[in-house]
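# Chain and residue survey
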Amino acid sequence: MPMGNVSYSAHISNGKSAITSKKALAGVAKHNLRKYKSADYSSDNIRLIYGTTDLFQDVKRVYHREFNDGVKEYNSRQKREDRKIKDYFEHVAGLNQDMAVEIIFQCGDKKYWDEHWKNKNYMSEVFDYILECLQKLLSEFKIANAVIHFDEASPHMHVVGVPVWEGAKRGLSKKVSKRNVFTPRTLSVIHLSVTWRGFWRVWRRWLETFIKKQNENICSCNKVLTLTYEESIINL
């Protein structure tokens, strides 16, 4: 989506990028936390803002926290031993479905950041705010790990979590379900309420700094901010 002349996006793992196995989850962990040697990327230029340096275990902890009680209740109703679930994480990993979901938030392309590299200083604050909004507005998405990459062309944030859906009539009443959590409504929330509001902070901060340097008064500042906000809304 465009914000003025700058694009921003929230990409949700799907297709080849879907996390449908433990192997895929381990691959995401290796990439996000730079668990490899490379001349192009460095763990010194990333910032972990949620979770630990063991993303794989972060996801497992979410599973145990969210599903252990439900699994015990489910197993208590099963008369056949082979129907019981020993470990829900391992169970979902063997179903070839999304066992976790990754959202990548990015603003601007290489050309933009080559010209506005000073604005990168604001992105940590922006991504902190986006993560806070995501937790409040999409509480069914249980975040396990979040890390910001500053070592690529555009600063961006990787958020990995588990989509938890309650209300199933068969099996576990509470289960992993990307389809039921990431609906058209929640996707709209992510793009408009979370991503737009977060990245707007960059432009607001930049405008305020620019206007102060030009010795403009507060009224002028508000006028410019309001105009830019309305123009941005039209461009959505």
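Just above sits the structure.
Here is a short report on the structure shown in this document. On a predicted model such as this, the values are computed, not experimentally measured, just so you know. (Residues numbered from 1 in each chain as written. Predicted model: local features only at pLDDT ≥ 70, side-chain atom pairs only at ≥ 80, totals over all residues. Heavy atoms only, no water.)

## Here's the deal with the overall build of the protein
When helices and strands are tallied, the protein shows eight helices and seven strands. Within the protein, residue pairs in contact and separated by at least 24 positions form 72% of the contacts whose partners lie at least 6 positions apart. Per element, the accessible surface of the protein, about 13400 Å² overall, is 49% carbon and sulfur. (Helix = DSSP H or I, 4+ residues; strand = E, 2+ residues; numbered from the N terminus. Contact = heavy atoms within 4.5 Å. Areas by Shrake-Rupley, 256 points an atom, 1.4 Å probe, with all protein chains shown as cover.)

## Description of the packing of aromatic side chains
Applying the stated criterion across every chain yields a total of six aromatic pairs. When the centroid spacing of 5.6 Å and the interplanar angle of 75° are considered together, the rings of Phe 56 and Phe 89 count as edge-to-face. Linking Phe 56 in helix α2 (residues 55-76) with Phe 89 in helix α3 (residues 88-93), this pair joins segments that are 33 residues apart in sequence. With relative accessibility at 1%, the residue Phe 89 sits in the buried group. Judged by centre distance (5.2 Å) and plane angle (90°), the ring pair of Tyr 63 and Phe 89 falls under edge-to-face. (Phe/Tyr/Trp six-rings, centres within 6.5 Å; stacked < 30°, edge-to-face > 60°. Buried < 20%, exposed > 50% of the residue type's maximum accessible area, 1.4 Å probe, protein only.)

## Description of the environment of Trp 165
Along the chain, Trp 165 falls in strand β6 (residues 156-166). For the pair formed by Trp 165 and Ser 177, sequence separation is twelve residues and the distance between their alpha carbons is 5.8 Å. Once residues within four sequence positions are removed from consideration, Trp 165 is found in contact with Ser 173, Lys 174, Lys 175, Ser 177, Asn 180 and Val 181.

## Here we look at the nonpolar core
Side chains of a nonpolar character, in soluble globular proteins, are inclined to be buried together. In terms of nonpolar packing, the biggest core is built from 28 residues, with Val 59, Tyr 63, Phe 67, Tyr 88 and Val 162 touching the most fellow members. In this structure Val 162 touches Val 59, Val 62, Tyr 63, Phe 67, Met 99, Glu 140, Phe 141, Lys 142 and Val 176, once residues within four positions along its chain are discounted. Grouped together as the second largest cluster of nonpolar side chains are 26 residues, Ala 10, Ile 12, Cys 107 and Leu 131 included. (Core = buried A, V, L, I, M, F, W, Y, C linked by side-chain atoms within 4.5 Å.)

## Let's talk about α2
In a regular helix each residue adds 1.5 Å, so 22 residues correspond to 32 Å; α2 covers 31 Å between its end C-alpha atoms and thus fits that length. For α2, the principal kink sits at Phe 67 and spans about 55°. Within the span of α2, buried status applies to Leu 55, Phe 56, Asp 58, Val 59, Lys 60, Val 62, Tyr 63, Glu 66, Phe 67, Val 71, Tyr 74 and Asn 75. The inward-facing, buried residues of α2 abut α1 (22-32), α3, β5 (141-149), β6 and β7 (174-176). (Expected span 1.5 Å × (residues − 1). Bend = angle between axes of the 7 residues up to and from the residue.)

## Regarding the packing of α1 against α2
Relative orientation of the contacting elements α1 and α2 amounts to 125°, with a least axis distance of 8 Å. Relative to α2, the element α1 is oriented oblique. Contacts between α1 and α2 involve Lys 22, Leu 25, Ala 26, Ala 29 and Asn 32 on the former and, on the latter, Leu 55, Phe 56 and Val 59. Looking at the contact of α1 with α2 residue by residue, the class counts come to six nonpolar, one polar and one charged. (Axes fitted to C-alpha atoms, helices over the stretch in contact; angles between N-to-C directions. Parallel < 35°, antiparallel > 145°, perpendicular 65-115°, else oblique. Nonpolar A, V, L, I, M, F, W, Y, C, P; charged D, E, K, R; others polar.)

## Comments concerning the pairing of β5
In terms of residue burial, β5 counts as a mostly covered element, since eight of its nine residues are buried. Pairing of strand β3 (residues 46-50) with β5 involves four bridges; the strand directions are antiparallel. Within β5, the residue paired with Leu 48 across the bridge is Val 147. Across eight bridges, β5 lies against β6 in antiparallel orientation. Across the sheet, His 149 pairs through a bridge with His 156, a residue of β6. Following β5, the chain reverses through six residues before pairing antiparallel with β6. (Pairing = 2+ DSSP bridges.)

## Describing the pattern of salt bridges
Overall, the coordinates contain 13 salt bridges when judged by the stated rule. We note a salt bridge from Glu 90 to Lys 22, for which the minimum N-O separation is 2.9 Å. Taken together, the positions of Glu 90 in helix α3 and Lys 22 in helix α1 put the pair 68 residues apart, joining distant regions of the chain. In this structure, Arg 61 and Asp 58 form a salt bridge, with 2.5 Å as the shortest nitrogen-oxygen distance. One end of the pair is Arg 61 and the other is Asp 58, both in helix α2 and three residues apart, which spans about a single turn. Residue Asp 58 is classed as buried on the basis of its relative accessible area of 4%. Each of Arg 34, Asp 151 and Glu 152 takes part in a single network of salt bridges with overlapping partners. (Salt bridge = Lys/Arg side-chain N within 4 Å of Asp/Glu carboxyl O.)

The quantities given are spatial measurements derived from coordinates; they are silent on function.
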